[in-house]
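Architecture at a glance
So you can see what is in the structure, the chains are spelled out below.
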Amino acid sequence: MVPLLRTVYQRLFSMAAEAYTPGSLSAAFVTCPNEKVGKEIARAMVEKHLAACVNIMPQITSIYEWKGKIEEDREVLLMIKTRSSQIPVLTDFVRSVHPYEVAEVIALPIQQGNAPYLQWVGETVPE
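Quick summary incoming for the structure in this document. Just so it is clear, the model here is predicted, and its values are computed rather than measured.

**Quick word on the side chain of Ser26**
The topology assignment puts Ser26 in strand β1 (residues 25-32). One polar contact links Ser26 to Ser84, side chain to side chain, over a distance of 2.7 Å. In this structure, Ser26 is in contact with Ile80, Lys81, Thr82, Arg83, Ser84, Ile87, Ala107, Leu108, Pro109 and Ile110, ignoring residues within four places of it in sequence.

The structure is reproduced here in structure tokens:
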């Protein structure tokens, strides 16, 4: 019984000691014309430590106005977990490799989440 209590105490103590600062991490979103391009950009972001994880959501439909005309396209959506401080660098990277004339890069601060996961994202993406 004592080892179990020790494990519970250590877990609770480590979670409290490493409290998450709301907004220090972000979820960024980038649309891509197809899965091949999405995978190439996602892999490069993870390899360059600009992102801890990138989810690729296939087959989304985007409807938007472009150059005075309503467009409808099939795209893939990248959901990128990173440090908020890295959003400008991540944006510059996406703009440098993305095939679109104007690449969508938007980010939302993460306010809460699973503490061990948020810690992992913070450890994976340097400041």
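Structure shown, so let's carry the discussion forward.
**Quick look at the packing of aromatic side chains**
Under the criterion given, the structure shown has one aromatic pair. Relative to Trp120, the ring of Tyr117 lies with its centre 5.4 Å away and its plane at 45°, an arrangement referred to as tilted. Note that Tyr117 and Trp120 are positioned in helix α4 (residues 115-124) at a spacing of three residues, about one turn of the helix.

**Section: helix α2 (residues 35-47)**
End to end, α2 covers 18 Å across 13 residues, agreeing with the expected 18 Å (1.5 Å per residue, within 8%). Considered for burial, the residues of α2 that qualify are Val37, Gly38, Ile41, Ala42, Ala44 and Met45. The buried residues of α2 all sit within an arc of 165° when viewed along its axis, so they share a single face. Exposed residues pointing more than 90 degrees away from the buried face of α2 are listed as Lys36, Arg43 and Glu47. Buried residues along α2 sit in contact with β1, β2 (53-66), β3 (69-83) and α3 (87-97). Capping of α2 at its N-terminal end is provided by Asn34; its side-chain oxygen lies 3.2 Å from the backbone amide nitrogen of Lys36. Count one or two residues on from α2 and you reach His49, which has phi positive near 60°.

Reading the values: rules and limits
- Residues numbered from 1 in each chain as written.
- Predicted model: local features only at pLDDT ≥ 70, side-chain atom pairs only at ≥ 80, totals over all residues.
- Heavy atoms only, no water.
- Helix = DSSP H or I, 4+ residues; strand = E, 2+ residues; numbered from the N terminus.
- Polar contact = N/O pair within 3.5 Å; in protein donor to acceptor, adjacent residues only side chain to side chain.
- Contact = heavy atoms within 4.5 Å.
- Phe/Tyr/Trp six-rings, centres within 6.5 Å; stacked < 30°, edge-to-face > 60°.
- Expected span 1.5 Å × (residues − 1).
- Buried < 20%, exposed > 50% of the residue type's maximum accessible area, 1.4 Å probe, protein only.
- Arc of directions from axis to C-beta.

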